[in-house]
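Observations on chain architecture
This is what each chain is made of:
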Amino acid sequence: MIKILLAGQGGQGVLSAGKFLAESGLHEGKEVSYLPAYGPEMRGGTANCSVIISEEEISSPLCNVPDVLIAMNGPSFHKFTSRVRSGGVVLVNGSISDCYAGRDDVRVYDIPANDLAMEAGDVRSANMVMMGALCAVTGIVKERSILNCLREKFVGKPAVCEVNEKAFRAGLNAAERQ
Amino acid sequence: MAKILLHGTEAICEGAIRNGCRAFFGYPITPQNEVPEYMSVKMPQLGGVFVQAESEVAAINMVYGAAGAGIRAMTSSSSPGISLKQEGISYIACARIPCVIVNIMRAGPGLGGILPAQGDYFQATKGGGHGDYHLIVLAPSSVQEACDFTYKAFDLADRYRVPVMLLADGMIGQLMEPVELPPMRELWQIPEKPWATSGHFGKDRRILNSLIIKPEDLEPHIAQMQKTYEEIYQKERRADCYKTEDAELILTAYGTVARICKSAVNTLRKMGIKAGCIRPLTLYPFPDDTYRACAEKAQTKAFLSVELSLGQMVEDVKLSVEGKKPVYFYGRTGGNVPDEEEIVRAAQDALSKAEGRR
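Here we summarise the structure given alongside this text. (Residues numbered from 1 in each chain as written. Chains lettered and ligands numbered in written order. Predicted model: local features only at pLDDT ≥ 70, side-chain atom pairs only at ≥ 80, totals over all residues.)

All names here are of chain B. The omega angle of the peptide bond from T30 to P31 is 5°, so this bond is cis rather than trans. Among the structural elements, P31 can be located in the loop between β2 (21-26) and α2 (34-45). Note the cis peptide between G108 and P109, where omega equals -5°. Its place among the elements puts P109 in the loop between β5 (100-105) and α5 (121-125). Phi at R96 takes a positive value of approximately 60°, unusual for a residue other than glycine. Structurally, R96 can be placed in the loop between α4 (79-95) and β5. Residue R96 is classed as buried on the basis of its C-beta count, with 20 C-beta atoms lying within 10 Å. A positive phi angle, near 55°, is found at E322, a position not held by glycine. Using a count of 12 C-beta atoms within 10 Å as the deciding quantity, one classes E322 as exposed. (Helix = DSSP H or I, 4+ residues; strand = E, 2+ residues; numbered from the N terminus. Buried ≥ 20, exposed ≤ 12 C-beta atoms within 10 Å, placed from the backbone.)

Structure below.
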């Protein structure tokens, strides 16, 4: 079982990345749960969601101590890094955040998601860069599953799909190099 | 059929639609806005009716009318909205009209907060509105159950001519999980309602009314309702037992909390404490037989009710246990949800208190 917390600013695609991840897990026949933190949110505010992917039935959908944190910006990196399980993984969007975790029992990957997304063609695909990095680091879902979900989601929008695929692969490579 | 990933609120809608719900009336409130959103798309497609009413009071009375005409009708809201609907619910119960009411509970009292809570247990199971009546109250704890229980709610409502409430906390409403949808039921498969005010067409005159002014008429009417509640109590009590066979400590919870309790049971067992969990699926009728059976076992030392409230279901647990074993309580309010470690600590406390009593 792996518990993933995705956090960032509203509009960075945190919630849709979480849904992608859950869908991909489901495609592989695994048990999944997706829980968005819903509060009195507003545009430009914070957004986060918990995704659990497991071989067995998921009892608690809560993710208070995640195995993996995906932090899309500085504030969420600093807010949630302390919660990550000892020995866990933190993927941080190095384009707009520092990478100092303040603890040495978690592995921090600096992924310049915004820069890589802009290279791929659209800064909005930064979430897919992080999905790529997640696949490379944890292998929790297969690349193919995420790509299939992408193609399903953007059916009829081949240009958007292509940008997202590029971003995804850039994330894969960036994480593999570290 | 393959499983698909669904939002809790969407699963509720699909459960309703697939069992013949063709009328939805609601008024927006977080955290259940996705229910009316989904229904506003689906109802017109299926030839049904969707109305965003001017208020909760209007919405429940629209359900009264539509369900009275024999249509399977539903409304949904969250705690403060359900309070507004109580007058209508009492009228519907008295007129013996089947319908489904969804309450995705948020933190109260008052306008409260929008995060998950279970503070409406008393309201749902002990009346809510005025007068002697009950609802059948179902408590799902997964997205799959949210779908299945809503589906079942329509059949229960029709069978007993009693309104059914689906009582879920905000987390069940917002969670996404894989769901296997039940098959779509055709409308002709739903049994005819020989009491519905569906037009004269040469039939005898039918009246649905909640004003029964003569005491000699009202008392037998209520007695008849009571007979139905008795039958419901005998036939419909349901609970899910998890590792209770050899348990010395019985945790009990419903909804989201029950899932966290299940995790806690596994952790406690790893620590050498034999714990188990009773999860009521029906909150009314309350599955007192399940609790009593556990209370009578020699190895059971204590019960611990875990709720997102200040202690509501725990009263029914105590009534069921009948003083045979100590019953303790642990709760959080305000939209906070306890994590596994918190429940494990509460369980250890409860057990040591119970052992100290001896």
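After presenting the structure, the write-up continues.
Attention now moves to the interface of chain B and chain A. The interface of chain B with chain A comprises 18 residues on the first partner and 17 residues on the second. Counting only elements with at least two residues in the side of chain B that touches chain A, the list comes to α7 (170-174), β8 (176-179) and α9 (256-270) of chain B. If one sorts the elements of the side of chain B that touches chain A by residue count, α9(B) sits on top with four residues. In the side of chain B that touches chain A, the residues fall into ten nonpolar, two polar and six charged. (Contact = placed C-beta atoms within 7 Å. Nonpolar A, V, L, I, M, F, W, Y, C, P; charged D, E, K, R; others polar.)

To continue, consider the sheet that holds strand β6 (residues 136-138) of chain B. Residues and elements named next belong to chain B. A sheet is described by the order of its strands in space; here seven strands give the open sequence β3-β2-β4-β5-β7-β6-β12, paired in mixed fashion. Looking along the sheet, the strands with just one partner apiece sit at the ends: β3 (49-52) and β12 (282-284). Across the sheet, the mean angle separating the axes of adjacent strands is 20° when strand polarity is ignored. Sheet analysis places strand β4 (residues 72-77) next to β5, joined by four bridges and oriented parallel. Residue M74 lies in a different strand from β5, and its bridge partner there is V100. Packing against the sheet, helix α6 (residues 143-160) makes contact with β2, β4, β5, β6 and β7 (164-169), and its axis sits at approximately 160° to β7. (Pairing = 2+ DSSP bridges. Axes fitted to C-alpha atoms, helices over the stretch in contact; angles between N-to-C directions.)

A separate point is the packing of helix α1 (residues 14-27) of chain A against helix α5 (residues 143-153) of chain A. Residue and element names in this part refer to chain A. For the pair α1 and α5, the least separation of the axes is 9 Å and the interaxial angle reads 115°. The way α1 lies across α5 gives a crossing that is right-handed. Side by side, α1 and α5 meet where F20, E23, S24 and H27 of the first sit next to S145, I146, N148 and C149 of the second. Among the residues making up the contact of α1 with α5, the classes are represented as three nonpolar, four polar and one charged. (Left-handed = near helix turned anticlockwise from the far one by under 90°.)

Before going further, it helps to examine the sheet that holds strand β14 (residues 327-331) of chain B. Strand pairing in a sheet relies on backbone hydrogen bonds. The paired strands run either parallel or antiparallel. Residues and elements named next belong to chain B. Here five strands make up an open sheet; going across it, the order is β9-β11-β10-β13-β14 and the pairing mixed. Here the strands that pair on one side only, and so sit at the sheet edges, are β9 (239-242) and β14. Adjacent strand axes in the sheet meet at a mean angle of 20° when their direction is disregarded. Of the pairings in the sheet, the one linking strand β13 (residues 302-307) to β14 comprises five bridges and is parallel in character. What sits directly across from V306, in β14, is Y330. Along the sheet face, helix α11 (residues 313-321) touches β10 (249-252), β13 and β14 and points at about 160° away from the line of β13.

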